[in-house]
Each structure stands twice: as structure tokens, then as C-alpha cells.
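The lines below spell out each chain.
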Protein chains: 6
Amino acid sequence: MTSYKYPKELKKAIDELANESSYQSVCHRHLHNQPMPSTQQLKEIVDLLREIIFPGYFGHSEVRCESIHYYLGVNTERVFHLLVDQIHAGLCFSCSGDESIPSMEIRNQAFDMATRFVACLPELRRKLSTDVEAAFLGDPAAQSRGEVIFCYPAIRAITNYRIAHALLTLGVPLIPRMISEMAHSETGIDIHPNAQIGESFTIDHGTGVVIGATSIIGKNVKLFQGVTLGAKSFPLDENGNPIKGIPRHPIVQDDVIIYAQATILGRITVGAGSTIGGNVWVTNNVPPGSKIVQFKPKEMLYSDGGGI
Amino acid sequence: MTSYKYPKELKKAIDELANESSYQSVCHRHLHNQPMPSTQQLKEIVDLLREIIFPGYFGHSEVRCESIHYYLGVNTERVFHLLVDQIHAGLCFSCSGDESIPSMEIRNQAFDMATRFVACLPELRRKLSTDVEAAFLGDPAAQSRGEVIFCYPAIRAITNYRIAHALLTLGVPLIPRMISEMAHSETGIDIHPNAQIGESFTIDHGTGVVIGATSIIGKNVKLFQGVTLGAKSFPLDENGNPIKGIPRHPIVQDDVIIYAQATILGRITVGAGSTIGGNVWVTNNVPPGSKIVQFKPKEMLYSDGGGI
Amino acid sequence: MTSYKYPKELKKAIDELANESSYQSVCHRHLHNQPMPSTQQLKEIVDLLREIIFPGYFGHSEVRCESIHYYLGVNTERVFHLLVDQIHAGLCFSCSGDESIPSMEIRNQAFDMATRFVACLPELRRKLSTDVEAAFLGDPAAQSRGEVIFCYPAIRAITNYRIAHALLTLGVPLIPRMISEMAHSETGIDIHPNAQIGESFTIDHGTGVVIGATSIIGKNVKLFQGVTLGAKSFPLDENGNPIKGIPRHPIVQDDVIIYAQATILGRITVGAGSTIGGNVWVTNNVPPGSKIVQFKPKEMLYSDGGGI
Amino acid sequence: MTSYKYPKELKKAIDELANESSYQSVCHRHLHNQPMPSTQQLKEIVDLLREIIFPGYFGHSEVRCESIHYYLGVNTERVFHLLVDQIHAGLCFSCSGDESIPSMEIRNQAFDMATRFVACLPELRRKLSTDVEAAFLGDPAAQSRGEVIFCYPAIRAITNYRIAHALLTLGVPLIPRMISEMAHSETGIDIHPNAQIGESFTIDHGTGVVIGATSIIGKNVKLFQGVTLGAKSFPLDENGNPIKGIPRHPIVQDDVIIYAQATILGRITVGAGSTIGGNVWVTNNVPPGSKIVQFKPKEMLYSDGGGI
Amino acid sequence: MTSYKYPKELKKAIDELANESSYQSVCHRHLHNQPMPSTQQLKEIVDLLREIIFPGYFGHSEVRCESIHYYLGVNTERVFHLLVDQIHAGLCFSCSGDESIPSMEIRNQAFDMATRFVACLPELRRKLSTDVEAAFLGDPAAQSRGEVIFCYPAIRAITNYRIAHALLTLGVPLIPRMISEMAHSETGIDIHPNAQIGESFTIDHGTGVVIGATSIIGKNVKLFQGVTLGAKSFPLDENGNPIKGIPRHPIVQDDVIIYAQATILGRITVGAGSTIGGNVWVTNNVPPGSKIVQFKPKEMLYSDGGGI
Amino acid sequence: MTSYKYPKELKKAIDELANESSYQSVCHRHLHNQPMPSTQQLKEIVDLLREIIFPGYFGHSEVRCESIHYYLGVNTERVFHLLVDQIHAGLCFSCSGDESIPSMEIRNQAFDMATRFVACLPELRRKLSTDVEAAFLGDPAAQSRGEVIFCYPAIRAITNYRIAHALLTLGVPLIPRMISEMAHSETGIDIHPNAQIGESFTIDHGTGVVIGATSIIGKNVKLFQGVTLGAKSFPLDENGNPIKGIPRHPIVQDDVIIYAQATILGRITVGAGSTIGGNVWVTNNVPPGSKIVQFKPKEMLYSDGGGI
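Residues numbered from 1 in each chain as written. Chains lettered and ligands numbered in written order. Predicted model: local features only at pLDDT ≥ 70, side-chain atom pairs only at ≥ 80, totals over all residues.

- Per an unreviewed UniProt entry, chain A goes by the name Serine O-acetyltransferase and belongs to Breznakibacter xylanolyticus.

Right, here's the structure in full:
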């Protein structure tokens, strides 16, 4: 607004930042100059998939049986095209540097993956309807299944997870992770797309939940906010890098409930029908049907170092 | 960009998704074809209410005493009209299926509820000013009351809660829950609009806080991040559905402080003036004036299954 | 849509809200009528800084060595201008009421602070590259450094922290806090800009992490989700207000790992190379090389007050 | 940016402008408080209709025979809903003041008119395809029919005219006029929706063309830019107001060409197959097969009042 | 999408364009680095002024007497602030190069001009209401005064003209011209803000109308599309530059009608009550009460050089 | 808002519109499924080119010599990429149906054309600066060259023309025509990109000007609003289609002035230094140095068929 000058420090900083030695470790190079995956387009993809799976809840259209076919036709084709682009971008991101793969071959691979994903949509909807049912039955505060679909962050997070898991199963790189991070930012629920999760899964409140990459969760499991299914320390290879792909997260069997802030670490098994109380730290197997709770807290009788 | 074909799998998936047996359990039907509540309009409502309650902090207008009246006049009328629409949509959502209620009657009910809500605004502002004061006095890092209003996520979450609670008290369905979920997504603080919370309430940092639907919180209470005021297991009716409306969350009396990650479960009472330490799991009554802390953690002397 | 009337309650509420006695405690007055800091412009600043620091990952441009200089030139000048405006707004916000400071002097101060900030950008990039490296080496699920930069919420939160810390070190008020709150809302990670954090810092998952204003963190430290580095109760002055600026948060030395949901409170020291297990509550010093874990949870043999 | 004061002249002007005697002659009152017709929604209606009529040229969708049905289904339903709203608004605008008509009756009338309009769409497309053909055959500069549809302002203006004329024929008030004004602003071609225009109609360049409300144009007529089919002076009623609805614009029979800037005024007939040269002023009947041109201009031999 | 290289021609062109000898004649330098006038903000100013002058027709608000005061208060203050900025920008544009004028002095001048402009608004509304009345009475196709305000391009063009003329009369540079160009682009009507135009002025259709800078138009004048009130050749000064400010456009007295495409050139007078027919070229005085028409066109009996 | 039903007419219309016999003559098929040229991207191209050519007038950046190089670098690369896409789309549009041309070959052709266009930019700027100079010297109302660049529609139209002409000269199809239509819609000035126009060209006011595809205009020519340089009737081939590419528009030599609404038709020559008066119709050669004006209009002494 008033008189800006152009300080010489600007020019100096720009020159340093444009020096290859400064940027080379933090700068991305694209294969075939393909654009990066687009957060905005992935957001549109997720919005469209929610609209396809739960007709009438998301999107702008009123649903009636006379015209639902048209909307599904348009939205499915749109989501298909967007997916081809984003999968293509994800494939190029992952093999950046390897220019030997012809561009058209990558394109065809993306086309094929997107096609197979779309074919999964009816099954995805069926699974998610079991999750909705579980959330409704499990929460006395829920007024209707409609309220669950429309308002519950867990449904959004699990929807993104089931989409991302289906894509990852088809071999799509990077994109599944981005889709699950979108739900993480929106809901505070962080489910790695590589986790395996059975039907009728539900999470109450959800903020702070973490489900690690090699977790296996059975049917009819319920988690509360702040639950971690994590890894303990992991082995390194001879170069000191973590060895990838080793199972390192818990197996949670059917009909388990885990209360708020519990931390379950390592490739242990929580047996079917168990209940894990809040705020506990579990690093050993839990037999089926167990109830685990924290040691009863003590009442302080004296001031402990200045008091809390 | 390159040659898309139209894979036959698309058509097949679309046909399956448009089959009534696939969509009937996850598809919403509206009463009177009223549109669904709109997240976007609710966001505008919340933005306007923040602007009305805290003049000069939110919104684009500079505030001066000569013209504040005009801005309040315009914003209040705008928020009133938007509320009539959204309450109307909420009422139609909740009684979807019952076509016997005349559309105009629902409209009048929405009009009446919105009118009564607007009449509460001065009292809402007064209560929120006690929350601001409490946050300022309770945080050595706060430089000014202005910084608290402008930056603290707790103020945003409590503002949404007090708005949502006022609406729910007037009998508005669904909308209060959506408004509190908006704050949940923005701040990680999940306060059910049905909870009762006294004046001078504050939450520090706040991510992961959960305050359940039948909680009762007194005056001058302070929570830290990750605190849960939750329910234990709940009774089912003869059909196996949870019985709605039973008091099942804690009562927290005046002047209580609860530290990070504490989990307080069930219809218990935390007595006035108590302090609950972090990471504890409390399922029994706490007498007034108590200090509760976790058992002192142990130092591990041996490797426990590969170490953490 | 249908016939709105204008209820008389609106006029009454507007009149009350426009009464000075109602708004005076929650209404901001600006020095020199300078506009408030703008969340939208701060968002643009952060987006531009991410684009400058990690070329090719954020922003719309494809990066090639022939033209990277132009992009850095344009983005750096743009960010500089926006920063002058926002620092100016922050300075006016902080000294609202003191009209004795000439407007132009404040402007010059903002100009000078923005200039010095821009000069720090190459060093900011260098530090952040150590954080990226630490996150990549520390997570077996990470496929590439690129995935870490692009997807990991911790990188976003730490980037905002390092920006905010640099601004705060230059004496900029309010703006650093707003920038860290933006990351808090986006990622659930709440790092106070006044904290001191060494290189090669990483946070896994991250939701619910809180790092208080006087924390000091060494090099090569790793935190998991839900970790709190917080304060215990703090002394009040003779007026009952908290005394500002006293060191009250932990010192965490080099090479420490702290697992999920651990709560470390008060000006204690966690010695170099220690490992803190999840869900613990630590309020005393921890010697170097310690391993601290929660008491092993008990298995419940009987129903405890209705069960969890 | 710098110190605004609030000048007292503002308050004075606001008070005057808010005085009913000032605003009563220029202020609209709505029947049933129905919103005004929306220029933005009408723009969306026109965009959708262009997309429906000329698939693949407008809108974002790529057209293929496998999915064109879905797109037409979605767009037609969308345009139908928007039209019901806008026709409703138009009906309320026209009878503002007459509160005796029940709101629901007007709604039903709008619904009925929109339904009948949609039924005309296939015929509208057929007529417009004759206009495209005429433009292509009549312009040596046109490379393809596709270029004509995509680029020629005449096609946009005639499309709007044919839409507006169909609506006006159904009795819709105001909206047709707004749709033709939108084309007027976009192309400089002003065709009154009440004019009657045959098939294979084309306008070259078009800026400044005016076709009055009672004009009748046959088939295969071509106009150039700046042509006016206007009215001469018109009779007044006993109150000095113009008498509405009297035929007062030309009849142009089949196969006529009218060159640039010609002005044809009054209820005269230009006979079939005639050619009217540019810049002429015609106020009498023209027999079939005529060629009319301006008197040959003179060459000036002397300075005429200072020269041009 | 596919492999872009970075052609060396780009670098060469950029270097040439960045050479001062290339850009110096077409590059703007701002006084005090004030931003350029903003087309977007001027558009907002015009939209707000239309909303202020014609309540209920433009803008989003429904008008009712209970709240019109609030809307006028907010809109008038908003337009005032925007005008101060744009007038400031206009003043800096006009005296670019003369750095001797202090920035604050220019700001105060802009503040003062904007204040005086706002004080004119009630009179501007009154004058425009006479124009609306004239358009309604003069067009048999107009259904209501409301339709005239809402749809007629002439009202938009004359509104912009009367705003621009008021600003120019107060000494505001550049901005009036920009406001009239906005109407020119929207309607095809080009009225120079320096022209003087009496009450009850109307233009039918309007595309192509030009009213030059020194024109003087009486009361109750009506123009049709394509009418020019222009200048003949103009004297040059000793350097061959046109001498500025000499009266060179027509004087049109009260109650004159000028038909389509007529061209009236030079400082001549068209006497009161005259009628000028279409397509004529008039460069001499016209006595009061005259009727001027083009020579009757000839019918061609033979082909004139290939025919038209 | 109220109860929409789904009228059966909708389904019927949709089915008819989706019938291939209905849409086949008005539906575009793309070569290689390349998207259509994008009006929005062309708008961005033109905006960027205006910003490149006239630094500081368009776009958001303040210009200073220290950083102009960066802005030109970024804008030129951006415009280059957009042009490659749009030229590619234009090439595919033009050869739709001919699938024999490999997609990559078309891409390379687009890349090459865009490269050569960018190389022309310095010369384009030089030519346009002569046009600005001519407009400034030719208009006594112009206050500065800056005002001419910023406000005069002729500069916008001529800029688009010179861009479009350069592209057409390189062999780019469709896109040049779209760029000139954008200016036509914005300014009412319709210059075919194939016309040849010398330096120091200017148009005053401009609405309604038409310059046909084979026109040739010398240096230092000035046109006024409504001037047509058009074609008379044109020969047809044996199929009745117009023969493309025959010279059919006027040649206007150096230093000619043509006044408002003059219509010059056919491949005639207007000799150097001539002046053509307004509203004339010229279809024969005009010798150098001529002054041509309309026959003096007659004054009507009697009512001519009801009067005008």
C-alpha cells in the first residue's frame, strides 16, 4: 500500500534457493513430466464416490427412482475418468526416474486399474452398509441410520479407507495413502489403506485413532477415540534402513471392543470377544473373551513435585 | 487426454448400483422433497453467528460504533433466514416418510424456532464472554483476550456447542449435531450438543476431547486435550437395540480440572474442586476435592518381547 | 420461499446486541483501523512457502532447472509482500489502543521483519530436509522421501512450526500463533511456535500431539500420536493471573522416542536416548537411556460396576 | 489501510435513502416474498440447454453414445428444476401486489409450464440445426458446421431467442425477456422473444441487430450486423401511455437478405426474395424480388462546415 | 500431459521482453507504488450502487421496510470504503511520476471526494427514477416499471453514466472513464462521463450508441440504437497533437428523438422537439421542430458491379 | 422447495434427445477424444499475454525492474503450456474424423506452433505500441497513453486480433477465431484474424465494427464505430456451396479515416489518404485523397406514412 522497496536480501535468498545444491534433496522430478497427483481432484473423486454409494446424502441431487440411473451413470463415468488421471499420476510419481517405461503403457495400466475399481463399487456399498448398521446399533445417541451416514465422522473415514484399500489391492501406488490422509485430516482418524478390516466395523468419535499398515481386524469390531493399533520397534537392514513389509501391527479378532486411548502395539492377537479398557498399554497377546483395564489410579495424599 | 474407451464394466456397475435392492438401505428419501440440510449453509450460519457475537474478529467489516447497528441488523436477518431454511430441512429429514404433516406447518415451526433462537443471541454472547475470560486467565501463554477469541480452537468449539445446544433445547433435530460435527472436524473437539455445560468453561489444546450426550458440567471447569467424558456399556432393549436417552455420562461439578488423555466413563460424579491427572481411567465416583493420578510408571529392566 | 414475516424479536435482539454494554468485552478495536490479520492470506503465505521450500510438490508449476529461478523469484516476492501486510496487521493487533505509535513506523518495522524472514528461507529448507530424512528412515511404511513430503501430516505441521518459530524469533506477534493453529486444525498436531526443536525431528501419525510453549527438544527425537509435552499447574501473581514466561514444559534431549498418548508434564528433563512407552504419565526427571512403560494392565475377573 | 473516519455525510445520506418517499418509486415488492428471478440461475439454464441441444460443444462432458443418455437425463432434470424456480419467480414478479393468488397455485402453474417447455426441446434442437446449416452455407469463412456452433455469436443469440420464444408462447412472463437480454449483452444482437422467426435463419457478425416485438420473419432469411427491424412512432391512449400490443414492426418474407446497418421501420412487408442494401432507411412496403440500395454517396468538392 | 521440453526460444523471448528498451513505452509505473485501479472492485462498487439506488432489484436481499435501513447502512459504508481506495488509485495513476505529492495528502483528497459523492446518492436516485419513467412510457413492449429497471440495458448504461458523471464533476480522474467503459462492454452503449444529460433520458435497444465527451443533451430526449453524437475533425496544436477540451460534439435540446444509426457530428445544435430519422448523417444545425430523414433509397434496376 | 413430482414428459423428451437421429447433426466427435478447446483457458491465455505485453497494466503484480524478469519468465512459460494444449485441441477439432494421424504427431505440431508464437511476442509488443500511440494522438479526450492502454476497448480488440493473426499465420486452426470472438463479445468489434492490418491502427468507440476475412488495411488507418469492411454476394460452386478463400473484402490504403456506420463492401480499394463520411454505402473503388459523404438528408415537409 505504501512505498515498498525491493530489498536486496530478496535477490540473495532467491539465488540461494535456486541453487541446485539447495533444492536437489527436496525437489520432485516427474516421469514423462506427468503432473503430480492432485489433492483437489482426489477430493472430487471421494465426493463423487460418497454420492454414488449413499444416494441422496451427498451431492446436490434429489434422488428419485425415475432418475437415479442417470445420476449414477454420469457420476460413475466422471469418477472413472478422474481416477484414470490420478492413478496415472500416482504410477508416474512412484517410478520417477525410470524413463524406460513408455507413457502409453502406464496410461493403459491406469485405465485398467480404474476399470477394475469401478467394478467393485456395488460390493463397496454393501460393506459400508454393514458399517452404518453397526454404528447405528452401537450408539444410543444415534437417532436414525440417516443421521449416521450424514453426520458421523467414522463413516467418512471408513468410506475413504474402503475406497483406498480397494485401490491399493489393485496395485495403485500413492493415491490410496493420499485418500486416507484426506480422511485423517477431516476426522482425526488415521487408517492405513493396507490394513485389513472386516464388515460391521465402527469407531465412536474417532479423533486420534491410528490403525497401522499391517493390522488385521475381524468382523463387528468397535473402537473408541484415541485407540492405537501400532508397531513396536522394527528391525533394520544392514544399511540401517527399516525393513519394509514385515507384519508388525495387531490382529484384532471378531467382536472386540477397545475403549478410548488404549494403545495396542506389535504383532499380537486380541482374541475374539475381548474388551480392552481405556488408556491401557498392551504389548502381549490377549486371550479370547478377556477384559483388560488399567490399574486403578491412586488418590494422591501428598504433593508430588509441585502438584499437577 | 489420450483415447478413452468406455469399458463395459462401467455399464454393468451402473446397472447394479441403480438396482433398488442395492441402494435401498443407504439412500435417503426426503419428506416433501425438501432439500437435505446443507453443510455449506450451516457453515455460513456459524460464520455469521461468530461475526455477530464477536464483532470485529470474524467477517470482513471493520467495526465502529457509528455503524455496528447496521451490520448487526443485516447479519442477524441473514442468519435468521438461513436458519429457517436449515431448521426446515432438519425437520423434514427427521420425519421422512411421514407425509401426513403439511409442508406449511413444518415451515411455520421452523420459523418459530429460528425466531426464538435469535432472541437468545445476547445471552449466548454473555456466556461465551465468560469462556473467553476463563481461557485467558487459565493460559500463561495467552497474550490478550483478543488472541484467545481469534486463535484458540476451544473458543470455536465452545461457540459451536453453545449455538447447537440452544437449537437442540428449542427442539431442532439434526442441525445441532451437524454444527457440533463441524467444530469436531475443525478442532478435534467433540462436544455433543445435548451436554449441559456451565459458564467459564475452557479446554486447552483440545484435540481428542469427547463430551458425551448426557454429560453435565458445572461452572469454571477446565479440560485438557484427549479427555473423554464417555459412557460405559449400555443396556439393550428386547430387540437388541440400545435404549435411547438413559443418563450414561459423567457429572463434573464446579471448579474441576482434568488433565490430558484422562478417560472418565459412566454416570459417575467428579466432585467439585477435584483434579484428575492425565492418562487415567476413572469409572467410579470421585469425592469433592480429590486429586487422582496414574500409578507411577515402571522402569523396564529387561527387554519385553523385542522392546518397544 | 414462502411468506417470511419480520418477527419483532429480531429487532429486539439486534438492539440488544448493538448496545455497547453487550459488545464491549468481545469486540476488537484496531490500531489505525488496520484490518485484522487475514486467515486467508496466511493460508496463501503458507502455501507459497511450502512451494518455495519443496519445489514441485506443492503449487501448480512443473519444475525444471531452466525456469525454477523465475518461479522462486515470483513466489518469494509475493510471499514477501503478503508477509509485510500480515506482520503489519499483527503488530497493530498487539498494540491496539496505543495510538501513539505512528502508522509508518509500524509499517517499516513490518517491512524489516519480513525482509529478515525471507533471508532465513534457505536455512529453513535445510532443516526441513533433515526432518524429511528422519521421517523416511523411521517409518517402514514410507515408500519414498517424496511420499513423505507429499502425504505426511507431520511434515506439514513441522513446516508450519519452523516458519512460525522463525517469525516469532524475529519478534512478530500473533501471526506465528495463527500459523501453528492452521497446522493444528489441519493435522491435529499442536506445536507452540515458541518451542525449540532440533533437527531430524519427526512425529508419526500425530493426531493429538501437544508441544507446549517452553518445551526444548533436541536432535533426532521421534514422537507418536497423542504425546503431550505439557505444563503442570503454574504460579499466579498477586492478582491471581498466571505469571507469563516461566519455563514450565519438558526438556527432551537427543535421540528420545516417546510412544502414543504419553503425557510428560512440567519442567523436567527426559535424558538422551530414552524411550517412553505409551499412555504413561510422567512428571519427574527421566535419566538418560531409560525405558519407561505403564504398569501392566490387569485382567478383570469380576464385573466392575456394570462393566465397561 | 490508513485511518478511516466515519464522515457524518454518510449517516445523512443513509437516512435520506432509507426514507420511504425516496425509495418508493424504485423499490420492488415481491408477491409472497418470492425471491427475484436470478440472472445467475438463468445463465445456468441457458448453459444447460446449450449443452442438451448441442452435445459435446458446451459443458464439460465428452460425448459418447454409451453414455449420452445419462447426461441428457441429468441435465434435463436439472434444467427442469431450475426452470420451475425461475418461472415461479417470474410469475410472482409480474403479479406483485396481487396477494389474492395462493402461492401453491402459482407453483403448480410454474411446474406445468416447465414441463411443457421440456417437451419442446427435441423440436427446438431440430429448428436450431437448420439455423446452423444456413450459417454454414452462407459464410465462405466458415470451415465446418462445428466451428459455426462453437464460435458464431449468431447461433448463441438465436438459441436464446428460440428458448425465450418457446417460454413466452407458454405464457411465461419476464424470464423470456431476461434470456434475450443475456444474449444481447453477450453478442450485441437484440431479438425480442415475441418476434416470430422461421427456420434456416442466420445473422452475420450481428452486433447492433434489433428485431422488434411484433416482427414476423419467414424462412431462410439472412441479416447482417446493425440491421434494425423497428417501429415508427406509435399511438398513445387517452392517458398519453403507449397502446400495448399493436403490430408495429416489419414482416420479412422468405429468402430475404438485408445488409449491414439497414433500418426497416413500421408494419411494412419486405417481399420474398428481396435484397436490401446497407445503410438504407425503409419505411414503405418492398415488393417481392426487389433490390433496394442507398443513393450513391457524393464526393465532396468543397469543405462542408469545417470538414469531417 | 506428455513430455514437454523447454524450448530455447522461450528463454530468448523472455530476455527480449525483459529488456527495458522493449517495455519502457508500454509499462506503467505507479506513484507511491499504489496499486492500479481494480476493475473487479469497480464492478463491486457499481453493483452496490445499483443495489442502493434500486432496492430489491439488485443484490441478494429481500427488501422490507423494517430492515431496509440496515442494508443501506452496510452497503453505503462498503461502497464508501471501496471508493476511497479506487479514487486514491485513480489519483496516483494520473500523477504517476510526480513523487512530490505526499501520499497522505492524496489519501485525504480521495476520502473527501468519496464523502461528497455519497452525499449525492439521493439526488442520483431521483434523476434515475425519471429515466425509468421515460423508458416505461416510451416503449409499448414494456410491461412494468419493474421490468424496465430489471432488464433494460439503457438503465444500466445510464446508471453508470450518472455515477461516472458525478465522480468526474468532483474531479476524480480515470475512474469515471472506467465505469462508463464497463457499461459500454456490458450494453454496447458508450456515454462519455463528461457529457451533460438532462432528466427523463432514454435509449431504446442501445447497441452502438456513442455520446461524445462534450455533448450536451436536454430533458426528455430519446435515442435509438446506433446513434452517434460525435466529433468531426479537430484542430491540432503546433506539435501536431489534438487540442484537448474544445467543445466538439452536438447540443441536443429538449424533447428530441433520434432514430437508429443516425450520425450527428460536430458542435451543432439539434433544436428542441426535432425528430431525426435513421441512418442519416447530419453535420449542420437543425432548427427546432424539424423532421430529418434520409433520401429515399433507390430500387436497383441493373446489377451494380456483381450485385450485393 | 415444495413437492416436485417427476413428470413423464421429462422421460419422453430425454429419450427423444438421446436418439441418434436427433443429435447426430449437432453433436461433436473429437479426434482421439481430445477435449474441446476451452474458452476459459483461452481467456487465461489472453489475460497472460496482455500482462506480458503491457507490464503493470493487467495482472496483479506491481512491476519493478528488479523483478520484471521473474514475472515474464513465469507468465511466458505458463502461456506457452496453455497454448500447447489449446492448439492441440484446435488441431484435433479441425481434423475430427481422421483417426489416421497419430496423437503424438499432433502434439508435436502444437508444441512447435506454440514455440514459434512465443518467439513473436517482442514484435507483437512493438506493433501494439504503435497502435497505442495512434489512439492517443487521435483522441482529444485521451488524458495519457496509460489511460488508452487501460480503458480503450480498441486496444483490447486489436491486441486480440494481433495475437489471433499471428497464430493463424502459423497455421493454427479454430483458436484464432475463438480469440477474436472473445474480443467481439467484450467490445463489439469483430476483426477476422485473417485480415491484414498495418501499424498505427486505431478504432474509436468501436461497437459494431466489422473487418472481414480478406480485408487488407495499410498503416495509420482510423475507423469509427459501426464501420463495416464487408463482402458483397459471393460465387457458389457447382454444389451451391460458397467458394472459400476468394478475396472479397476491401483494401484500405494508408492514412484513411472512415466515419461511423459507413459500409464498404467488396474487393474494392479505398485510396490512400481518403476520408469516408458516416452512414455511406460504398461498393466501388475510391481514388486516393477522396472525401465521400452521404447525400444531404432531406427535411420532411409532410407526414410520410404515419410519420416516424
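## Notes on the overall build of chain A
Consideration 1: A count of helices and strands for chain A gives nine helices and 15 strands.
Consideration 2: When burial is assessed residue by residue, chain A has 56% of its 308 residues classed as buried.
Consideration 3: Taking the contacts inside chain A whose residues are at least 6 apart along the sequence as the reference set, 47% of them involve residues at least 24 apart. (Helix = DSSP H or I, 4+ residues; strand = E, 2+ residues; numbered from the N terminus. Buried ≥ 20, exposed ≤ 12 C-beta atoms within 10 Å, placed from the backbone. Contact = placed C-beta atoms within 7 Å.)

## Regarding the sheet that holds strand β5 (residues 216–217) of chain E
Residues and elements named next belong to chain E.
Consideration 1: Spatially, β2-β5-β8-β11 is the arrangement adopted by the four strands of the open sheet, whose pairing is parallel. Bordering the open sheet on either side are β2 (196–197) and β11 (269–270), each of which pairs with just one other strand.
Consideration 2: Bridge count between β5 and strand β8 (residues 251–252): two bridges; the pairing is parallel. Among the inter-strand pairings, I216 is bridged to a residue of β8, identified as I251. (Pairing = 2+ DSSP bridges.)

## Regarding the relation of the copies chain F and chain D
Consideration 1: Once chain F is rotated about the relating axis by 120° and shifted along it by 0.0 Å, it coincides with chain D to within an RMSD of 0.0 Å. Here the copies are linked by what is in effect a three-fold axis.
Consideration 2: Each copy contacts the other with its own distinct surface, as only 20% of the interface residues of chain F are interface residues in chain D too. (Least-squares fit on C-alpha atoms with pLDDT ≥ 70 in both.)

## Side note on the domain arrangement of chain A
All names here are of chain A.
Consideration 1: Here the domain parsing of chain A yields domain 1 (30–188) and domain 2 (195–295).
Consideration 2: Computed from C-alpha coordinates alone, the two centres of domain 1 and domain 2 are separated by 25 Å.
Consideration 3: Its residues assigned to classes, the side of domain 1 that touches domain 2 comprises seven nonpolar, four polar and four charged. (Domains from an automatic or database assignment. Nonpolar A, V, L, I, M, F, W, Y, C, P; charged D, E, K, R; others polar.)

## Digging into the interface of chain A and chain B
Consideration 1: Across the boundary between the two partners, chain A contributes 64 residues, which contact 65 residues of chain B.
Consideration 2: Elements represented by at least two residues in the side of chain A that touches chain B include exactly α3 (39–53), α4 (68–94), α5 (103–119), α6 (121–138), α7 (145–151), α9 (175–187) and β15 (298–299) of chain A.
Consideration 3: At eight residues, α4(A) tops the list of elements feeding residues into the side of chain A that touches chain B.
Consideration 4: Taken together, the residues of the side of chain A that touches chain B break down into 30 nonpolar, 24 polar and ten charged.

## Regarding unusual backbone geometry
Consideration 1: One non-glycine residue with positive phi stands out, namely N279(C), at about 60°.
Consideration 2: Take N279(C): it is sitting in the loop between β12 (275–276) and β13 (281–282).
Consideration 3: Phi at Q261(D) takes a positive value of approximately 70°, unusual for a residue other than glycine.
Consideration 4: By the element assignment, Q261(D) lies in the loop between β9 (257–258) and β10 (263–265).

## Remarks on the interface of chain F and chain D
Consideration 1: With 65 residues of chain F at the interface, the matching set in chain D holds 63 residues.
Consideration 2: Of all the secondary structure elements, the ones that give two or more residues to the side of chain F that touches chain D are α1 (8–17), α2 (20–23), α9 (175–187), β7 (228–230), β10 (263–265), β13 (281–282) and β14 (291–293) of chain F.
Consideration 3: The biggest single contributor to the side of chain F that touches chain D is α1(F), with six residues.
Consideration 4: When the residues that make up the side of chain F that touches chain D are grouped by side-chain class, the tally is 30 nonpolar, 26 polar and nine charged.

## Considering the sheet that holds strand β7 (residues 228–230) of chain D
All names here are of chain D.
Consideration 1: Within the open sheet, the five strands sit side by side as β1-β4-β7-β10-β13. Their pairing is parallel. Among the strands making up the open sheet, the edge pair consists of β1 (190–191) and β13 (281–282).
Consideration 2: Sheet topology note: the β10/β13 ladder contains two bridges and is parallel. Across the sheet, T263 pairs through a bridge with W281, a residue of β13.

## Side note on the packing of helix α3 (residues 39–53) of chain C against helix α8 (residues 153–169) of chain C
Residue and element names in this part refer to chain C.
Consideration 1: Viewed as axis vectors pointing N to C, α3 and α8 meet at an angle of 105°, and their least axial separation amounts to 11 Å. Relative to α8, α3 is oriented roughly perpendicular. Together, V46, L49, R50 and I53 of α3 and T159, N160 and I163 of α8 make up the contact between the two elements.
Consideration 2: Here the residues of the contact of α3 with α8 sort into four nonpolar, two polar and one charged. (Axes fitted to C-alpha atoms, helices over the stretch in contact; angles between N-to-C directions. Parallel < 35°, antiparallel > 145°, perpendicular 65-115°, else oblique.)

## So, the confidence of the model for chain A
Residues and elements named next belong to chain A.
Consideration 1: Taken residue by residue, chain A gives an average pLDDT of 88. The fraction at 70 or more is 90%.
Consideration 2: In this model, residues 301–308 is a region of pLDDT below 50 whose contacts with residues beyond four sequence positions or in other chains number 15 contacts.
Consideration 3: This complex was scored by the predictor with a pTM of 0.92 and an ipTM of 0.91. (pLDDT = per-residue confidence, 0-100.)

## A closer look at the packing of helix α4 (residues 68–94) of chain C against helix α5 (residues 103–119) of chain C
Residues and elements named next belong to chain C.
Consideration 1: For the pair α4 and α5, the least separation of the axes is 8 Å and the interaxial angle reads 135°. By the angle class used here, α4 and α5 are oblique. Note on packing geometry: the crossing formed by α4 with α5 is right-handed. In this structure, α4 uses T76, F80, L83, V84, I87, H88, L91 and C92 to contact α5, whose residues at the interface are I106, R107, Q109, A110, F111, M113, A114, F117 and V118. (Left-handed = near helix turned anticlockwise from the far one by under 90°.)

## Describing helix α3 (residues 39–53) of chain D
Consideration 1: An ideal rise of 1.5 Å per residue puts 21 Å on 15 residues; α3(D) measures up with 21 Å between its terminal C-alpha atoms.
Consideration 2: Along α3(D), the residues classified as buried are L42(D), I45(D), V46(D), L48(D), L49(D), R50(D), E51(D), I52(D) and I53(D).
Consideration 3: Residues of α3(D) that are buried sit in contact with α4 (68–94), α6 (121–138), α8 (153–169) and α9 (175–187) of chain D together with α1 of chain F. (Expected span 1.5 Å × (residues − 1).)

## So, the environment of M36(F)
All names here are of chain F.
Consideration 1: Checked against the element boundaries, M36 lands in the loop between α2 and α3 (39–53).
Consideration 2: Judged by local crowding, M36 falls into the buried class, with 21 C-beta atoms found within 10 Å.
Consideration 3: Distance in space between the C-alpha atoms of M36 and L121 is 26 Å, their sequence separation being 85 residues.

## Topic: the environment of G277(E)
Consideration 1: By the element assignment, G277(E) lies in the loop between β12 (275–276) and β13 (281–282).
Consideration 2: Looking at G277(E), the number of C-beta atoms within 10 Å reads 26, which means it is buried.

## As for the environment of V118(D)
Consideration 1: Checked against the element boundaries, V118(D) lands in helix α5 (residues 103–119).
Consideration 2: The class for V118(D) is buried, based on 23 C-beta atoms found within 10 Å.
Consideration 3: For the pair V118(D) and L49(D), spaced 69 residues apart in sequence, the C-alpha separation works out to 9.8 Å.
Consideration 4: Not counting residues within four places of it along the chain, the set of residues in contact with V118(D) comprises T76(D), F80(D), E9(F), L10(F) and A13(F).

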